[in-house]
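# Remarks on the overall topology
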Number of protein chains: 2
Amino acid sequence: MKKIEKQNKFHEVALKLIHEQGFKATTMRDIAKAMNFEVANVYNYIESKQALLENFLFDIAEDFNNGLKTILVSSDSSTKKLRRIIELYCHLPAQKPYQIGLLIAEWRNLKDEKLQKFKDEKKWHEDQIIQLIQDGIDAGELRKCNPYIITKTMLSSFNWLYTEFTLRGEEIDLPELEKQISEFIMDGLKA
Amino acid sequence: MKKIEKQNKFHEVALKLIHEQGFKATTMRDIAKAMNFEVANVYNYIESKQALLENFLFDIAEDFNNGLKTILVSSDSSTKKLRRIIELYCHLPAQKPYQIGLLIAEWRNLKDEKLQKFKDEKKWHEDQIIQLIQDGIDAGELRKCNPYIITKTMLSSFNWLYTEFTLRGEEIDLPELEKQISEFIMDGLKA
DNA sequence: GTCTATAATTCGATAGAC
DNA sequence: GTCTATCGAATTATAGAC
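We now turn to the structure provided with this report. Remember, predicted model here, so these are calculated numbers, not experimental data.

Conventions used here
- Residues numbered from 1 in each chain as written.
- Chains lettered and ligands numbered in written order.
- Predicted model: local features only at pLDDT ≥ 70, side-chain atom pairs only at ≥ 80, totals over all residues.
- Heavy atoms only, no water.
- Helix = DSSP H or I, 4+ residues; strand = E, 2+ residues; numbered from the N terminus.
- Buried < 20%, exposed > 50% of the residue type's maximum accessible area, 1.4 Å probe, protein only.
- Contact = heavy atoms within 4.5 Å.
- Areas by Shrake-Rupley, 256 points an atom, 1.4 Å probe, with all protein chains shown as cover.
- Least-squares fit on C-alpha atoms with pLDDT ≥ 70 in both.
- Axes fitted to C-alpha atoms, helices over the stretch in contact; angles between N-to-C directions.
- Parallel < 35°, antiparallel > 145°, perpendicular 65-115°, else oblique.
- Left-handed = near helix turned anticlockwise from the far one by under 90°.
- Nonpolar A, V, L, I, M, F, W, Y, C, P; charged D, E, K, R; others polar.
- Near = heavy atom within 4 Å.
- Polar contact = N/O pair within 3.5 Å; in protein donor to acceptor, adjacent residues only side chain to side chain.

### Some details on the overall build of chain A
What chain A contains, in helices and strands, is nine helices and zero strands. When the helices and strands of chain A are read in sequence order from the N terminus, they spell out α-α-α-α-α-α-α-α-α. With respect to the three principal axes, the spread of C-alpha positions in chain A is 60 × 40 × 25 Å. Within chain A, the proportion of its 191 residues that are buried is 49%. Excluding contacts between residues fewer than 6 apart, the proportion of contacts in chain A whose partners are at least 24 apart in sequence is 69%. Summed over all atoms, the accessible surface of chain A reaches about 9,800 Å², with 47% contributed by carbon and sulfur.

### So, the relation of the copies chain B and chain A
Structural alignment of chain B on chain A gives an RMSD of 0.0 Å, achieved by rotating through 180 degrees and translating 0.0 Å along the axis. The relationship between the two copies is best expressed as a two-fold rotation axis. A share of 100% of interface residues in chain B that are also interface residues in chain A marks the association as one of identical surfaces.

### Observations regarding unusual backbone geometry
Residue and element names in this part refer to chain A. Although it is not a glycine, Asn 36 adopts a positive phi angle of roughly 65 degrees. For Asn 36, the position within the fold is in the loop between α2 (28–34) and α3 (49–72). Despite not being glycine, Asp 112 has its phi angle at roughly 50 degrees, a positive value. Secondary-structure assignment places Asp 112 in helix α6 (residues 112–138). The exposed category is assigned to Asp 112, whose relative accessible area is 59%.

### A few points about the packing of helix α4 (residues 78–95) of chain A against helix α9 (residues 174–187) of chain A
Helix packing for two helices is described by the angle between their axes and how far apart those axes are. All names here are of chain A. Between α4 and α9, the shortest axis-to-axis distance is 10 Å and the interhelical angle comes to 140 degrees. When the axes of α4 and α9 are compared, the pair comes out oblique. Judged by the sense of rotation from one axis to the other, the crossing of α4 with α9 is right-handed. Contact residues: α4 offers Thr 79, Leu 82, Arg 83, Ile 86, Glu 87, Cys 90, His 91 and Ala 94, while α9 offers Leu 174, Glu 178, Ile 181, Ser 182, Ile 185 and Met 186. When grouped by side-chain class, the residues that make up the contact of α4 with α9 number eight nonpolar, three polar and three charged.

### Some points on the protein's contact with DNA strand D
Every one of the 16 residues lining DNA strand D counts as a neighbour, but Lys 3, Lys 6, Asn 41 and Asn 44 of chain A together with Arg 29 of chain B are closest to it. Among the atoms of DNA strand D close to the protein, meaning within 4 Å, 58% are from sugar or phosphate groups. Tyr 43 of chain B places a side-chain nitrogen or oxygen 3.0 Å from a phosphate oxygen of DNA strand D. Lys 49 of chain B is positioned such that a nitrogen or oxygen atom in its backbone is 3.0 Å from a phosphate oxygen of DNA strand D. Contributing elements (two or more residues each) for the surface near DNA strand D: α1 (3–21) of chain A together with α2 (28–35) of chain B.

By themselves these figures say nothing about function.
See the structure below:
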């Protein structure tokens, strides 16, 4: 196995273990065992346990932020932008379920500046969607509602998806899933 | 301070710490320090760290299950039952936000039979609501949809509430919050 | 109930040979 | 890159005096 392949294998194994057991519960020895080598070798692939978590989290957070930015700068209507955001929130768990699992469940294991940076990015992300819904209301596209409550409720509603994809990934009809969720949310918002 | 009061104080302190730091990250020393005594004394109040978690989780799980059962055995329509379930899922986080936090974030720290029992109860709970939505569709009260996807999405959408109540509990207008969420969900489901 | 002391284990990380 | 060996720290839990 080539060096680069083993690097990828390492990250894949570590990601899955942390997803299954949690960050705190996953030891460097667990990862080493799953890689079929000794504990000391773990540090040929990463700086520290903390750095491992940080890399996973900020990688996937960037995917979300980039996806959102692309949508926001488009010239679509608020309604259309909202549909595309729902699409983003369905597709990313389908593509990277384990990373999303960490994003949702393990971010509080970050420390100090990294934790603050994560919280700041998350708030920025939410604020963009709150503003988008407010714009939709002002434009008469969406019914009157509290954009803060609706944004929080909507974003939270996607958080079961990563588990679904890790458990039943092959069986899931993604377009159908997306259609069901999109109809449910948009019907709850349309003017 | 009387014995019973100190018991309550202990559980209150432990619950808040586990909520804030996570179960794995919270040590018996953390709890002892917050109680202003030494580590050994912790075991005057609980059997073990694991038992502490189990008590918290199954207590609040019982609240949910009892609440759901009361609603299900009533003679209300499917729509009315669904509204009452939404009400339950808004009120419990308002009343016991820290317990709900553990229910959502820490259940996977359970072990063996306890973990299995928890998963079984959770599945029963979900299955009841899936069936309720199916009944609502069959009765023509709700529009045609995939009850499994909608149930998962709906139940997940409440999971931000406990955080909101721990951070801004006093400022929150509960009836308004409930109205916003109920309208959002019911509009997304009505026939 | 509270304390001191400690057992028994586990963990993240490093040193140095090959 | 992989190994053996080990350090130093932290953790759950118990024993026994007061």
